[in-house]
Amino acid sequence: MPILGRRLLRPFRVHHLNPRDFLRRDFIDCNGDVAFLQIPMLASTLFLMEHTSWGGALGVFGLGLCGVGLFTNQFHLWAHRASPAPIIRWLQDRGLILGRAEHRRHHRQPHQTAYCITTGWCNGPLDRISFFPRLERFITRCTGIPPRADYHGFVSQHRGRAGNNPHHH
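Presented here is an overview of the structure given in this document. Computed from a prediction, not measured in an experiment: that's the story for all the values here.

About the thresholds
Residues numbered from 1 in each chain as written. Predicted model: local features only at pLDDT ≥ 70, side-chain atom pairs only at ≥ 80, totals over all residues. Heavy atoms only, no water. Core = buried A, V, L, I, M, F, W, Y, C linked by side-chain atoms within 4.5 Å. Buried < 20%, exposed > 50% of the residue type's maximum accessible area, 1.4 Å probe, protein only. Helix = DSSP H or I, 4+ residues; strand = E, 2+ residues; numbered from the N terminus. Contact = heavy atoms within 4.5 Å. Expected span 1.5 Å × (residues − 1). Bend = angle between axes of the 7 residues up to and from the residue. Polar contact = N/O pair within 3.5 Å; in protein donor to acceptor, adjacent residues only side chain to side chain. Axes fitted to C-alpha atoms, helices over the stretch in contact; angles between N-to-C directions. Parallel < 35°, antiparallel > 145°, perpendicular 65-115°, else oblique. Nonpolar A, V, L, I, M, F, W, Y, C, P; charged D, E, K, R; others polar. 1 Å grid on protein atoms, 1.4 Å probe; cavity = no way out; pocket = protein on both sides within 12 Å on 5 of 7 lines; lining within 4 Å. Points joined across faces, edges and corners; volume = space filled by probe spheres on them. Salt bridge = Lys/Arg side-chain N within 4 Å of Asp/Glu carboxyl O.

### A closer look at the nonpolar core
Counting seven residues, the largest nonpolar core consists of F22, C30, F75, L77, W78, I88 and I97. In terms of residue count, helix α4 (residues 72–80) provides more of this core than any other element does, three residues in total. F22 has contacts with C30, N73, H76, L77 and H80, leaving out every residue within four places of it along the chain.

### As for helix α2 (residues 27–51)
With 25 residues, α2 extends 35 Å between its outermost C-alpha atoms, agreeing within 8% with the 36 Å of an ideal straight helix rising 1.5 Å per residue. Its maximal kink placed at I39, α2 deviates by approximately 30 degrees, while the proline P40 follows within four residues. Among all positions in α2, only C30, N31, V34, Q38 and T45 are buried. Buried positions along α2 lie against α3 (55–69) and α4. Capping the start of α2 is the job of one residue whose side-chain oxygen sits 3.3 Å from the backbone nitrogen of I28: D26.

### Digging into unusual backbone geometry
Of note in the backbone geometry, A114 takes a positive phi value of approximately 55 degrees without being a glycine. As for its placement among the helices and strands, A114 is situated in the loop between α6 (100–104) and α7 (123–128). What makes A114 buried here is its relative accessible area of 1%. Of note in the backbone geometry, S130 takes a positive phi value of approximately 55 degrees without being a glycine. With respect to the helices and strands, the residue S130 is situated in the loop between α7 and α8 (131–143).

### Thoughts on the packing of α2 against α3
A pair of packed helices is captured by two measures, namely the crossing angle of their axes and the spacing between those axes. Where α2 meets α3, the closest approach of the two axes is 9 Å, and the angle between their N-to-C directions is 170 degrees. By the criterion of interaxial angle, the relationship of α2 to α3 is roughly antiparallel. Taken together, the residues of α3 that come into contact with α2 (itself represented by V34, Q38, M41, L42, T45, L48 and M49) are G55, L58, G59, G62, L63, L65, C66 and G69. The residue makeup of the contact of α2 with α3, split by class, is nine nonpolar, six polar and no charged.

### Brief notes about the layout of surface pockets
Approximately 330 Å³ is the volume found for the second largest pocket. In this structure, the second largest pocket is lined by Q38, M41, L65, C66, V68, G69, T72, L96, I117, T118, T119 and W121. For the lining of the second largest pocket, the secondary-structure elements that each account for two or more residues are α2 and α3. Considering each element in turn, the lining of the second largest pocket owes the most residues, four residues, to α3. Its residues placed into classes, the lining of the second largest pocket shows seven nonpolar, five polar and no charged.

### A short note on the pattern of salt bridges
The final tally for this structure, using the stated rule, is three salt bridges. Between R25 and D29 there is a salt bridge, and its shortest N-O distance comes to 3.2 Å. Taking relative accessible area as the criterion, R25 reaches 12% and is therefore assigned buried. When its relative accessible area of 22% is taken as the criterion, D29 is described as partly exposed. Between R105 and D127 there is a salt bridge, with its nearest N and O atoms 3.4 Å apart. Within this pair, whereas R105 is found in the loop between α6 and α7, its partner D127 is found in helix α7, the two being separated by 22 residues in sequence. Residue class for R105 comes out partly exposed when judged on its relative accessible area of 27%. D127 sits in the partly exposed class, given a relative accessible area of 21%. Residues joined by salt bridges that share partners form a network here, namely E102, R105 and D127.

Honestly, that's just the spatial picture; any functional story needs more than this.
The structure is reproduced here in structure tokens:
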């Protein structure tokens, strides 16, 4: 993804090499790209709400999805914190947002399970049906590029820069 990959995918890949890298991000760096990507969805939802008979139901769904999705990276960041604020810990312990233990499963090599970073609710069902490995196989069939084909090059390029320093920019 040459256009979106640098801003959206690269930070996730770096944080697999150094999970603490995510903790260095400020609020805008963490959440800005997701907010920006929601603009077309919100505009489409508002247009359909105004111009279709079923727009009201779509509006409730779309606005709810965007409302929760807006903070998905923030929930992910909090799942990396050793000691989140008490209210965040309370939400995590009740499964209302992604918890640290649930997200830790994703950080085991080869990073092919527990992809859901908002609440973690979908991880179990999606992992049981091998959703993401199947999606990877489908993408490979369509593009001819195997998953993580550039992994070793990416690691050697970023390991030195990301290292174990959570404050690296």
